[in-house]
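For reference, the chains in residue letters:
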There are 2 protein chains.
Amino acid sequence: MLGTPSRDRRAERREATRDEILEAAWEQVRTEGLGALSLRDLARRVGMQAPSLYSYFDSKHAIYDAMFAQGAQEFLELERALPVTGNELRDLQSGTRLFVTFCTADPARYQLLFQRTIPGFEPSPESYAISVEALQIVRDRLNEAGLTDPRDLDLLTAIGAGLSAQQVSNDPGGDRWTRLVDEAIEMFFEHVSERNRKGTRK
Amino acid sequence: MLGTPSRDRRAERREATRDEILEAAWEQVRTEGLGALSLRDLARRVGMQAPSLYSYFDSKHAIYDAMFAQGAQEFLELERALPVTGNELRDLQSGTRLFVTFCTADPARYQLLFQRTIPGFEPSPESYAISVEALQIVRDRLNEAGLTDPRDLDLLTAIGAGLSAQQVSNDPGGDRWTRLVDEAIEMFFEHVSERNRKGTRK
DNA sequence: GTCTATATTTGGATAGAC
DNA sequence: GTCTATCCAAATATAGAC
């Protein structure tokens, strides 16, 4: 009898083409805007006719979903690779810098992952789980710094989200808000430290 | 000779119809999403055929622009009406609460005014000027509190934007982030106060 | 797996009668 | 100012040949 091949060359090629399509989709949304993804243009970019895309994705939303998963995966891996020094303030700063840099480096990706802007689209549970896992890393890091109140995490993410949002919307390509990361996190850190020292919370 | 009427009833009616169209447009974007505004549907909502809208607006973008102006005007008037107590911290808190409440009360409006999400649309200079004027009020208020560094304004707006963004994206209709406004502003206020007391800035 | 052809819907916008 | 009729372009998606 014939054995099962250890590599499925067909599946590999299929996966490669999927990636190629997704890469072209990223190019398109970066230049035209996230909401301006069109299957015609996308197909042309990869040298196909539009219907051929349906061999790889069930729908346009499925493409958005795969992009969401890719973006979340990128962020998750960046989070995992972030070196930790043990200096709690410095680590919070570098973590937030990572987040803000990630957001501002690709506004379309930021929009897809962190804003709800495409009518009718929401990520599949599997794709969403990746971003949840990335947030869990931040939560763990915060816990290790002694900040276990869920509200601290919410405040921290709000700071990161706000700096990113302002940077992307009002000074794209600049550093008017990104340069405030270290100060903002110092502000946050001293605030929660002081509160924990007093042992009270309003 | 006939005198010029003191009221132009035709112009008044026209303005009323314009407002009616805009109100229907707001309804549509609130339910379908900001990017899902369609002239056909919009016309049907006001009992017209689509081409008739062109008697009132030159294009779809012109409708978005008028909506932008309306939203900015609403916010400007809310800012102007905000009572000021003289207690700097309390005033900053109520101002930020105003902003976050405004944003979360109508996510589509928030998206139109404060995010860049519609491909190809940007507000006209006249419409944009209204939002600039609103920001100027915040700047003045900050200056009166002794915070004259432009970076302080940027940090403050980032906090407001971040709380709003997180609230809208991750807990729509809830208060998981809006309830953090007072604490966040206290954090901000103590941070800048402390810095000014020391008289240094990194 | 990719194509052509096409269905179907929808979009914004214009022309011209009334 | 509003309508009908229409244009033109684009959209997603499907059917079926090769």
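Residues numbered from 1 in each chain as written. Chains lettered and ligands numbered in written order. Predicted model: local features only at pLDDT ≥ 70, side-chain atom pairs only at ≥ 80, totals over all residues. Heavy atoms only, no water.

1. Things to note about the interface of chain B and chain A
Here is step 1: At the junction of the two partners, chain B supplies 33 residues and chain A supplies 33 residues.
Here is step 2: Interface area for chain B against chain A, summed over the two sides, is near 3000 Å², with a carbon-plus-sulfur share of 51%.
Here is step 3: Of all residues in chain B, the largest losses of buried area upon contact with chain A belong to Asp 154, Glu 183 and Met 187 of chain B, amounting jointly to 20% of the total for that side.
Here is step 4: Seen at the junction of chain B and chain A, the total is six salt bridges.
Here is step 5: Salt-bridge contacts for Glu 183 of chain A lead to Arg 195 of chain B; the nearest nitrogen and oxygen are separated by 3.6 Å.
Here is step 6: Summed over the shared surface of chain B and chain A, the result is 15 residue pairs in polar contact (both at pLDDT 80 or more).
Here is step 7: Of all the elements in the fold, those that place two or more residues in the side of chain B that touches chain A are helix 5 (107-114), helix 7 (150-170) and helix 8 (181-198) of chain B. (Contact = heavy atoms within 4.5 Å. Buried area = accessible area lost by both parts, 1.4 Å probe. Salt bridge = Lys/Arg side-chain N within 4 Å of Asp/Glu carboxyl O. Polar contact = N/O pair within 3.5 Å; in protein donor to acceptor, adjacent residues only side chain to side chain. Helix = DSSP H or I, 4+ residues; strand = E, 2+ residues; numbered from the N terminus.)

2. Regarding the protein's contact with DNA strand C
Here is step 1: Residues in close proximity to DNA strand C total 16 residues, the closest being Ser 52 and Tyr 56 of chain A together with Leu 39, Tyr 54 and Lys 60 of chain B.
Here is step 2: Atoms of DNA strand C within 4 Å of the protein belong to the sugar or the phosphate in 66% of instances, the rest to bases.
Here is step 3: Between DNA strand C and Gln 49 of chain A, the relevant distance is 3.0 Å, taken from a phosphate oxygen to a main-chain nitrogen or oxygen of the residue.
Here is step 4: For DNA strand C, a base nitrogen lies 3.0 Å from a polar atom in the side chain of Arg 40 of chain B.
Here is step 5: For the surface near DNA strand C, a count of residues per class yields seven nonpolar, six polar and three charged. (Near = heavy atom within 4 Å. Nonpolar A, V, L, I, M, F, W, Y, C, P; charged D, E, K, R; others polar.)

3. Comments concerning the packing of helix 7 (residues 150-170) of chain A against helix 8 of chain B
Here is step 1: Running from amino to carboxyl end, helix 7 of chain A crosses helix 8 of chain B at an angle of 65°, the nearest separation of the two axes being 11 Å. Here helix 8 of chain B runs roughly perpendicular to helix 7 of chain A, going by the angle between their axes. Considering how the two elements wind past one another, helix 7 of chain A and helix 8 of chain B form a crossing that is right-handed. Side by side, helix 7 of chain A and helix 8 of chain B meet where Arg 151, Leu 155 and Ile 159 of chain A of the first sit next to Glu 183, Ala 184 and Met 187 of chain B of the second.
Here is step 2: In terms of residue class, the contact of helix 7 of chain A with helix 8 of chain B is built from four nonpolar, no polar and two charged. (Axes fitted to C-alpha atoms, helices over the stretch in contact; angles between N-to-C directions. Parallel < 35°, antiparallel > 145°, perpendicular 65-115°, else oblique. Left-handed = near helix turned anticlockwise from the far one by under 90°.)

4. Details of the relation of the copies chain B and chain A
Between the two copies of this chain, the relationship is a rotation about some axis together with a displacement along it.
Here is step 1: For the pair chain B and chain A, the relating rotation is 180°, the translation along its axis is 0.0 Å, and the fit reaches an RMSD of 0.1 Å. What the rotation and shift describe, once combined, is the action of a two-fold rotation axis. Every residue of chain B has its C-alpha some distance from the rotation axis, and the shortest such distance is that of Gly 162 of chain B, at 1.7 Å.
Here is step 2: A symmetric contact is evident, with 100% of the interface residues of chain B recurring at the interface of chain A. (Least-squares fit on C-alpha atoms with pLDDT ≥ 70 in both.)

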